[in-house]
Amino acid sequence: MRARGASWPVWLRRSLSVLLLVGVGAAFAALVPDPPGVRPASVRLNDGAAWLVSSAVGQAVLVDGSTGQVVTRVRVGADHPSGVQSGVDSFISAQDGTVRRVDGATYTVSRPASFAKASQRLAVYPGGSALFVVNHTTGTVTVADPHSLAPRGEYSLAARVPVGAVLADEKASLWVVDGDNGDLIQVRGEGRKVQPRAVDPTLTRLVAAAGWPVAVDLAARLARPIGGGGVTGAGVCVDTQGGDDTVTVTGAALAPEVYVVSGRRGLLVFSDLETGRCDEIVNLGVAGHRLGQPVEAGGRLFVPDFSTGQVLVLDLAARSVVSRPKVLPPDTSFELSVEGPWVFFNDPASTRAGVIWFDGTFRSVEKYEPDQRGDLTPSDPGAGPAPAVPEQEDAGPPGSGFEPEPVETPGPNDEPAPGPAPGPASPAFPPGGDDSTPPAGENSTPPAVDDSTPPVEDDSTPPAVDDFTPPAGDDSTPSADEATSPVAIEVSAARVAVGESVSLRAVATRAGEAVTAATWSFSDGSGAVGIQVSHAWSDPGTYQVVASSRLADGRTALPAVDIVVTERPEPEIPSVPGQQPDQPDQPDQPDQPDQPDQPTDSGTGSENDPNLPGSARPVAALQATAGQGADWALVTADAAGSTGAAPLTYRFDFGDGTTTSAAPGATASHTFPREGTFTVTVTVTDTAGQTDQATASVTVQMPVPSSDLQVVVNTSHEGGSRAESPLPVTAAVTASGGVGAMTYEFDFGDGSPTVGPQSAATATHTYTRASANPDSPGGYQVTVTVRDSTGATATATAWAIVYPHPPVPRLTVTPQSGSAPLTVTLDASGSTPGEYGIVGYSFTVNVSGSFVEPVTVPRQASPTATVQLPVSGTWYATVTVWDPYQGGDNLETPVPITVSSSGQEPRITVSSATPVTPCASARCGQVVISSSGGIPLVVSEIMEFGEVTLIGSGNCVGTLAPGASCSFTFSDDRNSGNMIKIRHNGPGGLEDVDLSTA
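Bear in mind the structure is a predicted one, so any value in this text is a computation, not a measurement.

1. Re the overall build of the chain
The secondary structure content of the chain amounts to one helix and 73 strands. By the burial criterion, 48% of the 998 residues in the chain qualify as buried. Put simply, 55% of the contacts in the chain that link residues at least 6 apart link residues at least 24 apart. Carbon together with sulfur atoms contributes 50% to the accessible area of the chain, which is approximately 43,800 Å² in total.

As structure tokens, this is what we get:
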């Protein structure tokens, strides 16, 4: 949605980056602004990750938005913590009055910083370079350093703050509405500033639209932008019904709009802060439902429906609901948050959370094991990461509602179910990898099931995505190993000698399921492809065999088994006929004369008679290994482990009719013309002509890479906080699941030639022009095509948003000093045009430390303006330079103007007198305002405080010529706190009339 700028304040433009994980086929993602305060400009994975807090166990879990997987878990304190994220860091407040910071780069938790006494209610608001900690009990706010949590200053609010009436902006300001009198309070590092009675005290909500603070007054049904001096302008209409207490409000991320959601009416209403329209609606179809706070990401608005457990996903451009995923059980109050381009849902009171994508698909995440609720309470809440918690089984496609079948636990009298006798297996792994595979030598056999104790029901176990009722008749909870091991490995032997082949097969552990593909790693640098393979090792040791397996329903698993390989025993030499077994040592006997040679049996030959002296037979050993990638059909047979009287010769039979002649080479290769499982045989012959044979089974299978090949695209830019042309952008790619070497081809979407195909996984391109529509999801589409060695391809896309180079404001003021009233000329003709030129200029001159209204010049075509500064003080002049697309850009450093006092300044004299009769109150009186000085006095506002009623005060609002006067009457109850305040253009800008002296 385009940002328009005729009367709207300067837009906050932020750097944009993207992270997108897709499988085969293109997936859509839009770049979104980095959160304020994130450094550096290059984007990391965690720019799209969210810290989700579980108040029940005092834990925070980091969830990656691109995959829906848990990155880490940390302990953050057990005293009902709550969290708010800023960039990759999270700030955790607790009921003991402390705040902790979780570092998003190292996952470490800071020591608790104390900001209040126990039980005093805290709220934390990150605001750019400052962290605001509000103590609602004492009515104070502490400005702290967001990194060290060290206090910089503490200020009194003396205000009751309604829900939704606090906002921290990106300019390190905190805005607060006083719930008693409607004052708008601004707190910065250098102090606070108050705009009296600015808004309705109880029905005002503060939101940010395009990064700009907006006060939405539901009582007055107006939305008004907030500037440096408070709310400004007449406001834009907000279409709400009186007394509707189901309204929630949020601001658009990139456009001058406010979104108003009513649960009572079931409507989304748009208030356009530029055009002033508030009559555009979307019927959500949920009238009477309990709705939560909406969030926006990627051109979609996400509205939580607590009544149904759904999230309503709206396409803001089409103004329609595109999806209604059910993420939680009905009547659950949950939170939505946006980090990077992803939207996260979280039920702080339970284990349930997850990620929702733009099309409404989602993935659920279990933040902690329900039965570990009491185990996660740390003795030291700031100690850091919690122990690893096992992940649940892959839940299938995001939002699919897939639930792993529960595994029946055998009872004491049950027969074991028929099936394979698998070796130890590692748990199933989710997409993106899992480091839970045990190391070689570690016993990963599942522990025996204790049948003496029935399983304990746990009502807190999170339900399946779309069906929250367990399967009928099944109240058992599967063990961790059963729930995460759908594949096991069958072996012909778990202990073999060097050179002996082992047959291995990947099998499904549950009835009705089947393994469709497996890729093997034998921990000796070799591997194989196929459901059933064989392998022999050439060195002794313990080897972990891992089978990367895929089931028919698309799930994947990494079962593993240990194979022990021992030294091959020395060949046993047969005894000579007539030789006696070893006897105890006897006394030496005299030498006997040699016996004549005996004739040989020419019918058998020494090569076939193992009973002759010195005729030890050779021992054959064989390994057969299938190739990888493009060489999938190439099998290498290796008989180097064979032993016998050298020189040996080797003859190979590959089992498909292909043989080799006997030759000294111990290896041979063959390319099979088709897929299948083949038995390879080697015949080893020694120097005496004796032979031995060994066989090995090998499966030749063409890889199916397209179902596994996945691509991560990470685009980033350097050199500033705003992504403006000319902009160098680097696209870095990580591919997984493919076969063999990868090639990468980059299309940067601006008509420039593609980069590649190339072996390098990164490419850099400079965009010389702004993208077509940088204020909506779009811009330049970066497309990366990855091809593996089998020819399979996968494509990932990302949106690179490039802003036009904006104008650079320059301002000179003539003169910069003089006596009041001082006439000055503001000249911005030295400003440098941006990519789209300059179409206008607007000026503002404020006086420091005074309530005098700013002097403003609305947007005009001329770069110069002449204004009069009526009173003494230090004034600061700024200019906003407008281009036809961006909206405008501010002068970063205002130009100071020193105005000294003189007798020509407008002066105000106020007198009050009593009594005035007749009087219906305790007291009535008259106030007289007189003007003096060299220029007219301008009275802009008259306000009463306390039990005061003004009559005819409007007669005095306006311009009084020097020497003129006006009057009005008042009535009050004689309370000493009653007061009248008069805002004017004279020195100080505000005159107090204390009625206690009248």
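Read on, since the account is not over.
2. Some words on the packing of aromatic side chains
This structure, assessed with the given rule, holds 12 aromatic pairs. Plain terms: the ring middles of Phe306 and Phe334 are 5.4 Å apart, the flat faces sit at 70 degrees to each other, and that makes the pair edge-to-face. With Phe306 in the loop between β28 (300–305) and β29 (310–315) and Phe334 in the loop between β30 (320–323) and β31 (335–339), this pair connects stretches of sequence that are 28 residues apart. Overall, Phe334 belongs to the buried group, its relative accessible area being 5%. Ring geometry for Phe654 and Phe672: centres 6.3 Å apart, planes at 80 degrees, overall edge-to-face. Of this pair, Phe654 sits in the loop between β46 (649–653) and β47 (667–671) while Phe672 is found in the loop between β47 and β48 (676–685), placing the two residues 18 residues apart along the sequence. Put simply, the rings of Phe652, Phe654, Phe672 and Phe678 pair up and form one aromatic cluster.

3. A closer look at the state of the cysteines
All told, the structure shown has three disulfides when counted by the stated rule. With its sulfur 1.8 Å from that of its partner, Cys919 forms a disulfide with Cys924. Across the S-S bond of Cys919 and Cys924 the torsion is about 80 degrees, and the bridge reads as right-handed. Among the residues examined, Cys924 registers a relative accessible area of 11% and is labelled buried. The side chain of Cys956 participates in a disulfide bridge whose partner is Cys966; the two sulfur atoms lie 2.2 Å from each other. Disulfide Cys956-Cys966: the torsion about the S-S bond is 135 degrees, which places it as right-handed. Placement of the pair is Cys956 in the loop between β69 (948–951) and β70 (958–960) and Cys966 in strand β71 (residues 965–972), with a sequence separation of 10 residues.

4. Regarding the pairing of β71
Bridge count between strand β67 (residues 923–932) and β71: eight bridges; the pairing is antiparallel. Looking across to β71, one finds that Ser930 is bridged to Ser965. In terms of strand pairing, β69 meets β71 through four bridges, oriented antiparallel. The residue bridging Leu950 from the neighbouring strand is Phe970, located in β71.

5. Some words on the nonpolar core
Val141, Leu157, Leu174 and Val187 are the most contacted members of the largest nonpolar core, which totals 26 residues. Listing elements by their share of this core, those giving two or more residues are β11 (130–135), β12 (140–144), β14 (166–168), β15 (174–177) and β16 (184–188). If one sorts the elements of this core by residue count, β15 sits on top with four residues. Once residues within four sequence positions are removed from consideration, Val187 is found in contact with Phe132, Val141, Val143, Tyr155, Leu157, Ala172, Ser173, Leu174 and Arg192. Val852, Val871, Ala877 and Ile897 belong to the second largest nonpolar core, which has 25 residues in total.

6. Brief notes about the pattern of salt bridges
Applying the stated criterion across every chain, the model contains 17 salt bridges. In this structure, Asp239 and Arg221 form a salt bridge, with 3.4 Å as the shortest nitrogen-oxygen distance. Separated by 18 residues along the polypeptide, Asp239 in the loop between β22 (236–237) and β23 (247–251) and Arg221 in the loop between β19 (212–217) and β20 (222–227) bring together distant segments of the chain. Note on Arg221: relative accessible area 38%, which makes it partly exposed. A salt bridge links Glu257 to Arg319, with the shortest nitrogen-to-oxygen separation between them at 3.1 Å. Here Arg319 lies in the loop between β29 and β30 and Glu257 lies in strand β24 (residues 257–262), a separation of 62 residues in the sequence. Judged by its relative accessible area of 18%, Arg319 falls in the buried class.

7. What about the sheet that holds strand β25 (residues 267–272)?
One open sheet accounts for four strands, arranged β23-β24-β25-β26; its pairing is antiparallel. The sheet terminates laterally at β23 and β26 (280–283), the two strands that pair on one side only. Between one strand and the next, the sheet's axes are offset by a mean angle of 20 degrees, whatever the strand orientation. Of the pairings in the sheet, the one linking β25 to β26 comprises four bridges and is antiparallel in character. Of the residues in β26, the one forming a bridge with Leu267 is Asn283.

8. Things to note about the side chain of Asp244
Here Asp244 lies in the loop between β22 and β23. Separated by 2.7 Å, the side chains of Asp244 and Ser262 make a polar contact.

9. Examining the environment of Val88
Mapped onto the fold, Val88 is located in the loop between β6 (82–86) and β7 (89–93). Given the relative accessible area of 10%, Val88 is considered buried. Spatially, the C-alpha atom of Val88 lies 7.2 Å from that of Ala105, the residues being 17 residues apart in sequence.

10. Overview of the pairing of strand β45 (residues 634–638)
Only one face of β45 is buried: it carries Val635 and Ala637, and the other face, with Leu634, Thr636 and Asp638, is open. In terms of strand pairing, strand β44 (residues 623–626) meets β45 through four bridges, oriented antiparallel. If you follow Thr625 over to β45, its bridge partner there is Thr636. Pairing geometry for β45 and β47, over five bridges, is antiparallel. Its bridge partner lying in β47, Thr636 is registered against Ser669.

11. A few points about the sheet that holds strand β34 (residues 362–366)
The strand order across the open sheet built from four strands is β31-β32-β33-β34, with neighbouring strands paired in antiparallel fashion. Two strands close off the open sheet at either side, each with one partner strand: β31 and β34. With direction set aside, neighbouring strand axes in the sheet form an average angle of 25 degrees. Relative to β34, strand β33 (residues 352–356) runs antiparallel, the two being bridged by five bridges. Bridged to Gly354 within β34 is Ser364.

12. Notes on unusual backbone geometry
If a residue is not glycine, its phi is most likely negative; likewise, a peptide bond is most likely trans. Each neighbour pair has its own omega, and for Ala646 with Pro647 the value is 0 degrees, a cis peptide bond. Secondary-structure assignment places Pro647 in the loop between β45 and β46. Cis geometry is found at the peptide bond from Thr814 to Pro815, where omega equals -10 degrees. The topology assignment puts Pro815 in the loop between β57 (812–814) and β58 (817–819). A positive phi angle is found at Tyr107, which is not glycine, with a value near 65 degrees. Structurally, the position occupied by Tyr107 is in the loop between β8 (98–102) and β9 (113–114). You can call Tyr107 partly exposed: its relative accessible area is 22%.

13. Quick notes on the environment of Gln701
You can see Gln701 is positioned in the loop between β49 (691–700) and β50 (710–717). Distance from Gln701 to Ala518, taken between C-alpha atoms, is 9.8 Å for residues 183 residues apart in sequence.

14. Points about the confidence of the model for the chain
For the chain, the mean per-residue pLDDT works out to 75, and 74% of the residues sit at or above 70. Predicted confidence is poor over residues 372–484, with pLDDT under 50, and the contacts of this stretch with residues over four places away or in other chains come to 171 contacts. Below pLDDT 50 for its whole length, residues 573–614 participates in 15 contacts with residues either more than four positions away or in separate chains.

15. Some points on the environment of Ala210
Here Ala210 is to be found in the loop between β18 (204–209) and β19. The class for Ala210 is buried, based on a relative accessible area of 4%. For Ala210 and Ala252, which are 42 residues apart along the polypeptide, the C-alpha to C-alpha distance reads 6.0 Å.

Analysis parameters
- Residues numbered from 1 in each chain as written.
- Predicted model: local features only at pLDDT ≥ 70, side-chain atom pairs only at ≥ 80, totals over all residues.
- Heavy atoms only, no water.
- Helix = DSSP H or I, 4+ residues; strand = E, 2+ residues; numbered from the N terminus.
- Buried < 20%, exposed > 50% of the residue type's maximum accessible area, 1.4 Å probe, protein only.
- Contact = heavy atoms within 4.5 Å.
- Areas by Shrake-Rupley, 256 points an atom, 1.4 Å probe, with all protein chains shown as cover.
- Phe/Tyr/Trp six-rings, centres within 6.5 Å; stacked < 30°, edge-to-face > 60°.
- Disulfide = S-S within 2.5 Å.
- Pairing = 2+ DSSP bridges.
- Core = buried A, V, L, I, M, F, W, Y, C linked by side-chain atoms within 4.5 Å.
- Salt bridge = Lys/Arg side-chain N within 4 Å of Asp/Glu carboxyl O.
- Axes fitted to C-alpha atoms, helices over the stretch in contact; angles between N-to-C directions.
- Polar contact = N/O pair within 3.5 Å; in protein donor to acceptor, adjacent residues only side chain to side chain.
- pLDDT = per-residue confidence, 0-100.

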